[in-house]
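Commentary on secondary and tertiary structure
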Amino acid sequence: MSADKPIVWTIAGSDSGGGAGIQADLATMTDLGCHACSVIASVTAQNSVAVNGVEPVSESILLAQLDTLLADLPPRAIKIGLLANQRQIHLVADWLLNHIKPLRTKEGQPIPVILDPVMVASCGDALAAQVKTQGEEGESSTQPMQSQSKQGLQMQVQPKQGGLDFTPFRGVLSLITPNLSEFGRLLGEETTSRDEILPQAKMLSNQLACHLLITGGDKGALWQNEWAEDLFVCNEVAHTSTIHQHRGFRLSSERVDNPNHHGSGCTLSSAIACFLAQGLVLHDAILMAKAYVSQGIRFASAVGAGAGPLAHCGWPAGLTSLPLIVDAQMHANAAQPFNFPKLQRPIGVYPVVDRLETLEQVLAAGASTAQLRIKLADDGRADIKPVGAPDESALEALIKEAIALGRAYDAQVFINDHWQLALKHGAFGIHLGQEDLCSADLEAIAKAGIALGISSHGVFEMALASQLNPSYLALGHIFPTPTKSMPSNPQGLKHLAHMVALWTPNCPRVAIGGIDASRLGQVKQTGVEAVAVVRAVTQAESPGEAYRRLASMWEMAHGAR
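Residues numbered from 1 in each chain as written. Predicted model: local features only at pLDDT ≥ 70, side-chain atom pairs only at ≥ 80, totals over all residues. Heavy atoms only, no water.

This part is about the pairing of strand 3 (residues 51-56). Examined bridge by bridge, strand 2 (residues 35-46) and strand 3 share five bridges and lie antiparallel to one another. Residue pairing for strand 3: Val 43 is matched across the bridge by Glu 55. Hairpin connection between strand 2 and strand 3: a loop of four residues separates the two successive antiparallel strands. (Pairing = 2+ DSSP bridges. Helix = DSSP H or I, 4+ residues; strand = E, 2+ residues; numbered from the N terminus.)

See below:
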């Protein structure tokens, strides 16, 4: 199998109506560029208006499917949907524990396993009710679903009432994605207050030892009427900044007014598995999957008498906005945007330098925008200064002179990290990383009329940064780079192109990280507006000449078509 087409499994039930279950999973995985493999756990008799039967497959064929796939088509990620009874939950959990948990990705991480605890179909009928399993004579039978009362169905699926128990998956799952109704059933009690959801979510996350995403699209009246709001509770996440770990986030996007949303939960969890298999970190995969589902609902249409299935439109692109991300302990209106100045001229090639002499050379060579990045310690967080690092008084003198150089050459000079000194001396701009945003006085910077550039590493951080209305967004790191220790993996050209296509902010985007003359043309083809260069200038024999050459190459390169 081509490395460009990761293998993703779905373990779920077959939907005879074609709108959800295995059928929705396969369509989503194929649409997102993955090779989809299926393990059918049950067969359902359903259409767009009713579920009339659910019959689990035999234990032997369930296990045979798993063993056969593993022998030849090992997964990069797994999505689990409808499991028809408790016995299937134990079988699948035990098999995953013994066969999948020991495996690792190329990056040395566990294989992601996403559980969508399907209990009720979009039409309102129960799926994971107490269906008979094989009896002593080896016979199986189905139980009609449509005729049962809503109250009776709820009693059957509550763990405290003897329904399905997902705790055998503890230690196996990466993420569980219940909607609000399913979340109540997992708890054994209905959630009636928005304020009580977070502590309950943390409790369930701890109980199952995995991340948790509660989707609120099905309960707008409880959370938001005009917004589809999800609650994301995460623990430790690989290749993600520590400030975004062990936290809860509310993810809000405008509700799409379309009744055709059959299979939205299946599609969401499958899309998350696909994006993880494509190399995105969990936070990014969730945001992209949320955008994918919203796009699918927007273009969905009915095919029967009931709600129609989601449209499959490929990687999300052309969004008018990104989901609003707010700390789960804050109210949405607590995240007030700022108004940082717009840049006066296009950035083009953006040299990032660590010496005043180099700064003056690139400005003299015609750079409209440049950054002075002086680190007092490794990444600004280590206790030991690098050799030759300036003391505080020398640092202040360097920053003052850099600001003066910017004024002398009428250039947009940004000061990296040292926002207090930049603010004190009236810099044109300040560049901050995600971690620095927590401690910087953004209100004072905005009131002073100082431009702000913000680093981001993936879609989640790009969305967070965009909420502050910065003067530019830095997207990185694109290629491996030795100039800075990074928790994230390189984004690569493919992911950069997807980020650029996803949404166009009201400020320029700057690609950064490992970019030199040999890569300029490829980067410009992604559609990004500007490119930052570090070693390609600072390690050149003549930084000024290197800048002129790079700027000319960027100008002549062809952009996205």
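Take the packing of helix 2 (residues 59-72) against helix 3 (residues 86-99) next. The contact between helix 2 and helix 3 brings their axes to 11 Å, and the two run at 25°. If you check the angle between helix 2 and helix 3, you find them roughly parallel. Note on packing geometry: the crossing formed by helix 2 with helix 3 is right-handed. Of the residues in helix 3, those in contact with Glu 59, Leu 62, Leu 63, Leu 66, Asp 67 and Leu 70 of helix 2 are Arg 87, Gln 88, Leu 91, Val 92, Trp 95 and His 99. (Axes fitted to C-alpha atoms, helices over the stretch in contact; angles between N-to-C directions. Parallel < 35°, antiparallel > 145°, perpendicular 65-115°, else oblique. Left-handed = near helix turned anticlockwise from the far one by under 90°. Contact = heavy atoms within 4.5 Å.)

This paragraph deals with the sheet that holds strand 5 (residues 113-115). If you walk across this open sheet you meet the ten strands as 3-2-1-4-5-6-7-8-9-10, and the pairing is mixed. Each edge of the open sheet carries a strand with a single partner, namely strand 3 and strand 10 (324-327). Strand contacts of helix 3: strand 1 (7-15), strand 2, strand 3, strand 4 (77-80) and strand 5, with the helix running at about 170° to strand 4, the strand carrying the most contacts. Each of strand 6 (175-176), strand 7 (211-214), strand 8 (227-233), strand 9 (248-254) and strand 10 touches helix 8 (residues 282-298); the most contacted strand, strand 9, lies at about 25° to it.

By size, the foremost hydrophobic cluster in this structure holds 99 residues, and its most contacted members are Leu 251, Ile 272, Phe 275, Leu 359, Ile 415, Leu 442 and Val 523. In terms of residues, this core owes the most to one element, helix 8, which gives ten residues. Beyond its immediate chain neighbours, meaning those up to four positions away, Leu 359 contacts Val 353, Ala 370, Ala 402, Leu 405 and Val 413. Judged by nonpolar contacts, the second largest core, of 45 residues, contains Leu 62, Phe 166, Phe 169 and Leu 173. (Core = buried A, V, L, I, M, F, W, Y, C linked by side-chain atoms within 4.5 Å. Buried < 20%, exposed > 50% of the residue type's maximum accessible area, 1.4 Å probe, protein only.)

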